[in-house]
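Each chain is listed here by its residues.
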Amino acid sequence: MLRDRAIVKDCPEHPLRGPGGRRIPWVYYYWAAGLDFEGLALSARCLLDELRTFSATQLAAYGLTSVPIVSACVLAGKGRYSGLAIRKVREAHGTARQIEGNGDPRLPVVVLDDCIGSGGSLYRAIKLLEAEGFRVEGAICLVNLPWKGGVEWAEALGLKVRTLFDVWKDLEQPIAAYEPQAGREPPEWCSSTKLPDGLSPAAIARLVAEAVLLGRPVPRPPASFDRDHDGRGGVFVSIRKKRGDRRLAREGFFRFEAGEQDLPRDLVCAAYAAARTLPQQGPFPLEELKFGVSLLTEQVPSRVADLDFSRYGIAVRSKVQPWKVGGALPNTQFFTSEIEQLRHACSTNARLGRHEPHEIFLHSVAKSIEPGEEWPPFGSSAAVSSVPAAFAERLAARCRLVVERSGAGEPLGADEALAASEVGLRGLGVTLYGDGRLVGCWLAFGGNPDELAIRATGLALADPRHADKRRPGAKPALLLSLLMEGEWIGRQSKEHVAKRLRLGRDTLAVANGNDWTVMLAQNASHWDWTSSDMVDSLIAKAGTSSEASRWRTYDTHCFLERGGGVLPLTFGYAGDSGRSVEATARMVAEYIAGQCDADGIPAYYYWPTRDRSRRSGTLGRVVLALVALARAGQSLAEPAFTDLAERGRATLLDSLVVEGNEPRLRHPDLQDSLGARLLLIDWLALDDHRALSRHKAGAALVRELLSSFHEDGAVTPLKAGMRLGVDHDLLPGVALLALAHLRSAGLAEGGIDLAATRAWYRRRFRLTRSWGLVWWHLQAWSALHAAGGDRQDVDFIFELADWAVSQQLGKNGAFLVDYAGDGPGFHTGCVLEGLADAVGAARRVNDGRRQRTYQAAWAAGRRFMDTLVIGQDDLYCMPAPERALGAVRESSTKSRVRIDYPAHFLCALAKHLAAAD
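Figured I'd write up the structure that's included with this text. Predicted model, so just to flag it, every value in this text is computed and none were measured.

Each helix and strand in the protein chain was counted, giving 30 helices and 32 strands. Since a compact globule built from 917 residues should have a radius of gyration of about 29 Å, the 32 Å found for the protein chain is in line with a globular shape. Considered along the principal axes of its C-alpha atoms, the protein chain spans approximately 95 × 85 × 60 Å. Taken over 917 residues, the protein chain has a buried fraction of 56%. Within the protein chain, residue pairs in contact and separated by at least 24 positions form 72% of the contacts whose partners lie at least 6 positions apart. For the protein chain, the accessible area works out to roughly 38,500 Å², and carbon and sulfur atoms hold 49% of it. One way to put it: in the protein chain the 112 positive side-chain charges average out to a point 2 Å from where the 109 negative ones average out.

See the structure below:
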């Protein structure tokens, strides 16, 4: 009945659209089957069969569709069941209830519905029920719309979820194959004419568009091009306006299977599809248009570890719905990292569900552009502009010479070799730093490199805005910003400009009339700006209106000259990764120690480019920093670090009180949390369990920890059965680690079913692949195994670690932790903290292969983390270098330092050093 009645197909008379407005082929429509006697009776009979496997007798409906279903089950249950109706909005009059019916919060509830996809309705139902004190046992839905994530997240919370029919298998909806959008309606080829051979793909695209726009039949594809072009992986045609560079159309498709590729035909189909969209944009004479073609090489099945945004484009294809395909170009606008590229391909373009299995393909991208036309230098494997090291050194030496000769009154002769260099330099910015502070900055455009060096450096030396900061005779550090080709954005909203900006890589310019104002690329990283922040800052600097302005970007390369060598910078930082583990650990530990007050409590946030700190924040991260400092003191045999950490711990213990039998940490600047108290228990249990036993709140701390372990295996401060509103990843791992160390200290008896706990979190990890489970649970189960656990602890450790290693980039060792929106950052240090324990677990069970694999992954991740550590070569822009040295930045594009960033990395380094000893 559901198959015959509840599947409504798209048709011209009644078009169907998805949430994004796109046409969809069909929709599941329960009303067509569930509002007559037979359909409702069958629904109740099927659901009652499944309800017998639940203990709950209260049935809840959320939303209009599920109300008749619950009513039918209550009626057919013959007195066994009662019903609840959950309002989306609390009734404003009468009883003013949110949950209607005679419900009993002491009894469990089952939520019934007609279908489940992403599970949004189920989540809201559970949230409202738990807010009223009800415990939800689970849910039963008639139809499952798989791979959208609803069943997975619910089961990952320990809920029992049952579905009766699969929309694909049971309702027999056909799973479409991938059909190239541009190939669905191929042109009717003109039988008498053929496109000429020997032309470039871009020239062919123009001829196809000409035929379409003039209403002529499309000639048959050519037999050959001007040279060999590799389009085995697909082809895309873009059409832009010559004036303003605005893109009007882009169409094309991917090719996955060998033997399907026919580049001449594919190109013509893509150009035909692109040209057909032009009339919707408005009338455009052909002479106002320019054409570009992206040619994709063979699609190579790949792993996440193989991603490299600077070299490869990616295509993703669903394994279960192969018609869902999406891609992302290399070196494009909008983003700068592999995390963002993968997210764009999977979520934005392919629209994959969070739990939808998919394949990843890599390909190179080449561009064919019409001769004589300018095109944005993005989106191809060759789009990364480069500056020869010899040129950068000669340019920097020339700028340094201008500084040394300043005030001498002697004209500089021309550097003919530099003047004749052809590197595509559009402009040069010279920024002078003295004692870590900006003392001059100027940009020069128009001229050869030698002229730009002389003019920009001279004007920076005379910059009136910073004259009061310059010390006579001082030798400033020179930061050279080489502005290469970029993108003309034109008159666009500031939101559009921010979207196109590559944060930390693009210098941004805006025109107010004929006057241009520029913001250098590295400013975004140094000042922790978002793209919108950078646009707003430039608008304020220029004193212009974004609506009336013209915008452009410049691809920017930065080099630091410090009176000798020249150092290339990435996002404004040197990223030194040549230190030893011990040297790095000492630097990071000294940074944390330098942030501590006399009471041993470190600052919560520090902005090294401003020498500004903030002491307020969450207490757990501060506890972690003190733990890291104590570990470093032990591993480095440095009592000063250990003493300072103990001083901080004493301060925390002084603030530990019992309020109504509940322990609380009362610090004037820091916010207490269960996580902070668990970390404190863990630290005390491992280092000084006698202090825990003696403290007036010690028993309350232990009681609080043990009460968070529930019979079903969940670890949560909520009462048994409640699931929402609490962290199920990080917090349970910290609790397990504290429990392991309490047991080792003899302060926690048995009685906790760790097998059930392990099963609960192993199931959750398999369903969610949450990174938050990785680093804390690796540490926790390693500690439990070392204290006498069984082989299944090790199996779970290996499952977590194997997956984490599979998500590590081969190009730089960063882990693709999806918590960060702008690329890999300090979370790699968090993973290393757990991975260090996984190495130990592999060693304990003599698994040499895994031990070597984890050690290699740890070493690669450490090298990436070293690039986030502020080293000597980064201090040129730090006003307080002694406070900034050793800080661990949030990410490659950020400067700010929260105290847990260095803490996680320092813990990982200390563990490695301890294991080496």
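In this section: the sheet that holds strand E4 (residues 82–86). With respect to topology, six strands assemble into an open sheet ordered E5-E4-E3-E6-E7-E8, the strand pairing being mixed. Of all strands in the sheet, those with a lone pairing partner are strand E5 (99–100) and strand E8 (160–166), marking the two edges. Note that strand E3 (residues 58–62) and E4 share five bridges and pair parallel. Paired with Ala60 across the two strands is Leu84, which belongs to E4. Each of E3, strand E6 (108–116), strand E7 (135–144) and E8 is contacted by helix H3 (residues 37–51), which is oriented at about 135 degrees to E7, the strand it contacts most.

Following both chains from N to C, one finds helix H28 (residues 848–866) and helix H30 (residues 900–916) inclined at 140 degrees, their axes separated by 12 Å at the closest point. With respect to H30, the element H28 is oriented oblique. Two packed elements cross with a definite hand, and for H28 against H30 that hand is left-handed. Across the interface between the two elements, Trp858, Arg862, Met865 and Asp866 from H28 touch Phe905, Ala908, Leu909 and His912 from H30. The residue makeup of the contact of H28 with H30, split by class, is five nonpolar, one polar and two charged.

Taking 1.5 Å of rise per residue, the 16 residues of helix H26 (residues 791–806) would be expected to cover 22 Å, and the 22 Å separating its terminal C-alpha atoms lies within 8% of that figure. Restricting attention to buried positions, one finds in H26 the residues Asp793, Val794, Phe796, Ile797, Phe798, Glu799, Leu800, Ala801, Trp803, Ala804 and Val805. Taking the backbone nitrogen of Gln792 as reference, a side-chain oxygen 3.0 Å away marks Asp790 as the first, capping residue of H26.

Over its 15 residues, helix H23 (residues 730–744) runs 22 Å from end to end, which matches the ideal 21 Å to within 8%, given 1.5 Å per residue. Within H23, twelve of the 15 residues are buried, leaving the element largely enclosed by the surrounding structure. Inspection of H23 places Leu731, Pro732, Gly733, Val734, Ala735, Leu736, Leu737, Ala738, Leu739, Ala740, His741 and Leu742 among the buried residues, and these make up the whole buried set. In this structure, the buried side of H23 is in contact with helix H20 (674–687), helix H21 (689–694), helix H22 (698–707), helix H24 (754–768) and helix H25 (771–786). Residue Gly746 follows H23 closely and has a positive phi angle near 75 degrees.

Another aspect to go through is the sheet that holds strand E16 (residues 325–328). Two modes of strand pairing occur in sheets, parallel and antiparallel, and in both the strands are linked by backbone hydrogen bonds. With antiparallel pairing, the four strands of this open sheet are ordered in space as E14-E17-E15-E16. The open sheet has two free edges, formed respectively by strand E14 (300–302) and E16, since each of these has just one partner strand. Each strand of the sheet is rotated relative to its neighbour by a mean of 30 degrees, with strand direction disregarded. As judged from the six bridges shared by strand E15 (residues 313–318) and strand E17 (residues 358–363), these two strands associate in the antiparallel manner. Note on E17: the bridge partner recorded for Ile314 is Leu362. Sitting on the sheet, helix H10 (residues 338–349) is in contact with E15, E16 and E17, with an inclination near 150 degrees to E16.

Taking burial as the measure, the eight residues of strand E13 (residues 289–296) include eight buried ones, the bulk of the element. Neither face of E13 is open: one carries Leu289, Phe291, Val293 and Leu295, the other Lys290, Gly292, Ser294 and Leu296, and all of them are buried. Across eight bridges, the pairing between strand E11 (residues 234–241) and E13 is antiparallel. Paired with Phe236 across the two strands is Ser294, which belongs to E13. Here E13 runs beside strand E18 (residues 365–369); their pairing, made up of five bridges, is antiparallel.

Another point: the pattern of salt bridges. Enumeration over the complete set of coordinates arrives at 58 salt bridges. The shortest N-O distance in the salt bridge between Glu487 and Arg500 comes to 2.9 Å. With Glu487 in strand E21 (residues 477–490) and Arg500 in helix H14 (residues 494–500), the pair connects residues that are 13 residues apart, well separated along the chain. Residue classification places Glu487 among the buried residues on the basis of a relative accessible area of 3%. With relative accessibility at 15%, the residue Arg500 sits in the buried group. The salt bridge partner of Arg579 is Asp866, with a shortest N-O separation of 4.0 Å. Taken together, the residues span a long stretch of sequence, with Arg579 in the loop between strand E25 (566–569) and helix H17 (581–594) and Asp866 in helix H28 at a distance of 287 residues. Three or more residues are tied together by salt bridges with common partners; here these are Arg5, Asp36 and Glu38.

This part takes up the nonpolar core. Core analysis: the largest hydrophobic core is formed by 132 residues, its most contacted members being Trp771 and Leu835. Setting aside its immediate chain neighbours within four residues, Trp771 contacts Trp803, Ala804, Gln807, Phe815, Leu816, Val817, Asp818, Tyr819 and Val831. Counting 31 residues, the second-largest nonpolar core is a separate cluster that includes Leu48, Cys73, Tyr81 and Leu112.

This brings us to the packing of aromatic side chains. On inspection of all chains with the given rule, the structure shows 21 aromatic pairs. Here the guanidinium or amino end of Lys160 rests over the ring plane of Phe54, the centre of that ring lying 4.4 Å away. In this structure, Arg240 packs its charged tip against the face of Trp375, placed 5.3 Å from the ring centre.

H26 packs onto H25 with a crossing angle of 150 degrees between their chain directions and a minimal axis gap of 9 Å. Judged on the interaxial angle alone, H26 and H25 are roughly antiparallel. Here H25 and H26 pass one another in a crossing that is left-handed. From H25, Trp771, Leu773, Val774, His777, Leu778, Trp781, Ser782, Leu784 and His785 reach across to H26, where they touch Asp793, Val794, Phe796, Ile797, Leu800, Ala801, Trp803 and Ala804. Class assignment of the residues belonging to the contact of H25 with H26 gives a composition of 13 nonpolar, three polar and one charged.

Turning next to the side chain of Thr609. Note that Thr609 resides in the loop between strand E26 (605–607) and strand E27 (612–614). Looking at Thr609, the relative accessible area reads 10%, which means it is buried. A polar atom in the side chain of Thr609 sits 2.6 Å from the backbone oxygen of His526. If we ignore the near neighbours within four places in the chain, the residues touching Thr609 are His526, Trp527, Tyr573, Cys877, Met878, Pro879 and Ser895.

With that settled, the discussion passes to the side chain of His695. For His695, the position within the fold is in the loop between H21 and H22. The residues touching His695, leaving out its near neighbours within four places in the chain, are Leu653 and Leu656.

Our focus in this paragraph is the pairing of strand E23 (residues 515–519). The two faces of a sheet get side chains in turn, since along a regular strand they alternate between them. In this sheet, E23 lies alongside strand E22 (residues 506–512) in antiparallel orientation, the contact comprising five bridges. Among the inter-strand pairings, Ala511 is bridged to a residue of E23, identified as Trp516. Between E22 and E23, which pair antiparallel in sequence order, lie two residues; one of them, Gly513, sits at a positive phi of approximately 70 degrees.

Below, the discussion takes up the environment of Ser43. The topology assignment puts Ser43 in helix H3. C-alpha separation for the pair Ser43 and Cys73, spaced 30 residues apart in sequence, amounts to 8.2 Å. Excluding its chain neighbours within four sequence positions, the residues that come into contact with Ser43 are Tyr30 and Leu142.

Reading the values: the criteria
- Every chain begins its residue count from 1, and numbering advances along the sequence as written.
- Whole-chain, interface and lining totals are the exception, using all residues; otherwise, since this is a predicted model, local features are given only for residues with pLDDT of at least 70 and side-chain atom pairs are given and counted only at 80 or more.
- Where side-chain values are given, they derive from all heavy atoms of the structure, hydrogens and water being excluded.
- Strands are runs of DSSP state E lasting at least two residues, helices are runs of H or I lasting at least four, and both sets are numbered from the N terminus onward.
- We compute the radius of gyration from the C-alpha atoms alone; for a globule the expected value is 2.2 Å times N to the 0.38, where N is the number of residues.
- Partly exposed residues are those whose accessible area sits between 20% and 50% of the maximum for their type, while under 20% is buried and over 50% is exposed, using a 1.4 Å probe and protein chains only.
- Contacts: residue pairs with any heavy atoms within 4.5 Å of one another.
- Using a 1.4 Å probe, the Shrake-Rupley method yields the accessible areas, and only the shown protein chains count as cover for residues.
- By the counting rule applied here, Lys and Arg register as positive and Asp and Glu as negative, while His and the ends of each chain are not counted.
- Charge positions come from single atoms, namely NZ of Lys, CZ of Arg, CG of Asp or CD of Glu.
- Any two strands with at least two DSSP-identified bridges between them are counted as paired.
- Axis angles are defined between N-to-C directions and span 0 to 180 degrees, where every axis is a line fitted to C-alpha atoms and, for a helix, only to the segment in contact.
- Orientation labels follow simple angle bins: below 35 degrees gives roughly parallel, above 145 gives roughly antiparallel, 65 to 115 gives roughly perpendicular, and whatever is left gives oblique.
- Handedness of a crossing is defined here by the sense of rotation of the near helix relative to the far one, left-handed for an anticlockwise turn of less than a right angle and right-handed for a clockwise turn.
- Charged residues are taken to be Asp, Glu, Lys and Arg, nonpolar residues to be Ala, Val, Leu, Ile, Met, Phe, Trp, Tyr, Cys and Pro, and polar residues to be all remaining types, Gly included.
- What a helix is expected to span follows from its residue count: subtract one and scale by 1.5 Å.
- For this analysis, a polar contact is any N or O atom pair within 3.5 Å, provided that within protein one partner can donate a hydrogen and the other can accept it, and provided that sequence-adjacent residues contribute only side-chain to side-chain pairs.
- Within this document, salt bridges are pairs made up of a side-chain nitrogen of Lys or Arg and a carboxyl oxygen of Asp or Glu, the two lying within 4 Å of each other.
- Nonpolar core, defined: a set of buried Ala, Val, Leu, Ile, Met, Phe, Trp, Tyr and Cys residues in which side-chain atoms within 4.5 Å join the residues together.
- Ring geometry is summarised as follows: Phe, Tyr and Trp rings, the Trp one being its six-membered ring, pair when their centres sit within 6.5 Å, and such pairs are stacked at plane angles under 30 degrees, edge-to-face over 60 and tilted between the two.
- Either the NZ atom of lysine or the CZ atom of arginine qualifies as a charge over a ring when it sits within 6 Å of the ring centre and within 35 degrees of the ring normal.

None of the figures reported here should be taken as evidence of function without further support.
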